Amino acid sequence: MIPESIQHYLRRNRVRFERYWHSRAVSAQELAEALHVSGWRVAKSVIILADRQPWIVVVPAAGTVDLNRVRDMLGVRTVRLATEDEFSGYFPDCELGAEPPFGELYGLPVAVDESLSLTERLLFRAGSHEEALEMRFQDFATLEWPLVATFIYPQPRLVANPSQRPQPVPVDLDSHAPI
């Protein structure tokens with residue numbers, strides 16, 4: 001279930017979003033498979049430490065963060081992946097490994113790989129391994145004001161069908177359970 005804090009954050013900021021229930025998916029690539037979409041359509045949050053400052057770095061599920069590019073982009077001396085122990089306290093209402101890209105809500109700066117800025121809609125996990133959110137990239141950018149740059153390893157990529165969207169599952173808003 002998507003934490004209430006995330007839902008309130010989006011509603012308070014008048015951001016339209018769609019919720020998608022799916023079978024349990026731990027990795028972002030598993031989320032893409034569960035929703036039958038390309039891994040280039042799903043955004044994953046990677047928590048890094050840049051000179052000990054945590055950041056949320058958002059990349060396609062099918063992509064891999066190039067820490068050297070992140071270091072250069074941020075102009076810092078050191079960058080590494082944060083351990084779960086180092087970042088879990090920032091997301092107390094989220095399942096571990098299902099961190100959302102909402103830095104404004106959780107007090108962290110956000111950087112987004114440029115490839116995601118070229119998509120009309122972002123699909124990502126929002127605190128849950130069994131439910132995902134979809135929203136327009138422009139709404140996300142207005143909400144978070146992320147740093148946008150290229151920082152994934154270059155990979156040959158297939159062009160995803162832009163009309164390929166998961167189908168919403170009706171949800172009882174009182175119990176948050178699929179109908």
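The coordinates are above.
Keep in mind it's a predicted model, so treat the numbers as computed, not measured.

Visitor: Teacher, can you tell me more about the pairing of strand E7 (residues 131-136) here?
Guide: A regular strand places its side chains so that they alternate between the two faces of the sheet. Taking burial as the measure, the 6 residues of E7 include 5 buried ones, the bulk of the element. The sheet contact formed by strand E6 (residues 121-125) and E7 spans 5 bridges and is antiparallel. Considered in E7, the bridge of Arg125 is made with Ala132. Here E6 folds back onto E7 in antiparallel fashion, the turn holding 5 residues, of which Gly127 has a positive phi close to 90 degrees.

Visitor: Just checking my understanding: could you explain helix H1 (residues 4-12) for this structure?
Guide: Residues spaced three or four apart along an α-helix point in a common direction, a consequence of the helix completing one turn every 3.6 residues. Listed as buried for H1 are Ile6, Gln7, Tyr9 and Leu10. Axial view of H1: buried residues confined to an arc of 160 degrees, hence all on one face. For H1, the secondary structure elements touched by its buried residues are strand E1 (18-21), helix H5 (103-106), E7 and helix H7 (137-144). Taken from the residues just after H1, Arg14 is the one with a positive phi, measuring 55 degrees.

Visitor: Could you clarify how one ought to interpret the packing of aromatic side chains in this entry?
Guide: Aromatic ring pairs are defined here through the distance separating the ring centres and the angle between the ring planes. Applying the stated criterion across every chain, the model contains 6 aromatic pairs. Among the aromatic residues, ring-to-ring pairing joins Tyr9, Phe102, Phe124, Phe137 and Phe140 into one connected group.

Visitor: Where do I start with the nonpolar core in this structure?
Guide: Looking at soluble globular proteins, one finds that nonpolar side chains tend to be buried together. Membership of the largest hydrophobic core comes to 30 residues, with the highest contact counts inside it found for Ile6, Leu10, Phe102, Leu133 and Met135. For this core, the secondary-structure elements that each account for two or more residues are H1, strand E2 (42-50), strand E3 (53-60), strand E5 (110-113), E6, E7 and H7. Tallying contributions element by element places H7 first for this core, with 4 residues. Aside from chain neighbours lying at most four places away, what touches Leu133 is Ile2, Ile6, Leu10, Phe17, Glu18, Arg19, Phe102, Leu122, Leu123, Phe124 and Ala126. Within the second largest apolar cluster, 16 residues are counted, among which are Val46, Val70, Val76 and Ile152.

Visitor: Looking at this model, I keep getting lost on the environment of Ala98. Mind explaining?
Guide: In this fold, Ala98 is placed in the loop between helix H4 (84-87) and H5. Linking Ala98 and Ala25, residues 73 residues apart in sequence, is a C-alpha distance of 9.4 Å. Setting aside residues up to four positions removed in sequence, Ala98 forms contacts with Arg125, Ala126, Gly127, Ser128 and His129.

Visitor: Sorry if this is basic, but what is going on with the pattern of salt bridges here?
Guide: Between side chains of opposite charge, a pair can form as their charged atoms come close. Counted under the stated rule, the structure contains 9 salt bridges. Where Arg41 meets Glu134, a salt bridge forms, and the shortest distance between an N and an O atom there is 2.9 Å. Placement of Arg41 in the loop between helix H2 (28-35) and E2 and of Glu134 in strand E7 is noted, with a sequence separation of 93 residues between them. Across the pair, exposure class does not vary: Arg41 and Glu134 are buried alike. The shortest N-O distance in the salt bridge between Arg71 and Asp72 comes to 3.4 Å. Looking at Arg71, the relative accessible area reads 28%, which means it is partly exposed. Residue Asp72 is classed as exposed on the basis of its relative accessible area, which comes to 55%. A network of salt bridges, in which partner residues are shared, links Glu18, Arg41, Arg121 and Glu134.

Visitor: Before we go on, may I ask you to explain unusual backbone geometry in this structure?
Guide: Most peptide bonds take the trans form, and the phi angle of most residues other than glycine is negative. The phi angle at His36 is positive, at roughly 60 degrees, despite the residue not being glycine. Mapped onto the secondary structure, His36 falls in the loop between H2 and E2. Of the residues examined, His36 reaches a relative accessible area of 64% and is grouped as exposed. In this model, Trp145 sits at a positive phi of 50 degrees, which is unusual for a non-glycine residue. The topology assignment puts Trp145 in the loop between H7 and strand E8 (147-149).

How each quantity is defined
Residues numbered from 1 in each chain as written. Predicted model: local features only at pLDDT ≥ 70, side-chain atom pairs only at ≥ 80, totals over all residues. Heavy atoms only, no water. Buried < 20%, exposed > 50% of the residue type's maximum accessible area, 1.4 Å probe, protein only. Helix = DSSP H or I, 4+ residues; strand = E, 2+ residues; numbered from the N terminus. Pairing = 2+ DSSP bridges. Arc of directions from axis to C-beta. Contact = heavy atoms within 4.5 Å. Phe/Tyr/Trp six-rings, centres within 6.5 Å; stacked < 30°, edge-to-face > 60°. Core = buried A, V, L, I, M, F, W, Y, C linked by side-chain atoms within 4.5 Å. Salt bridge = Lys/Arg side-chain N within 4 Å of Asp/Glu carboxyl O.

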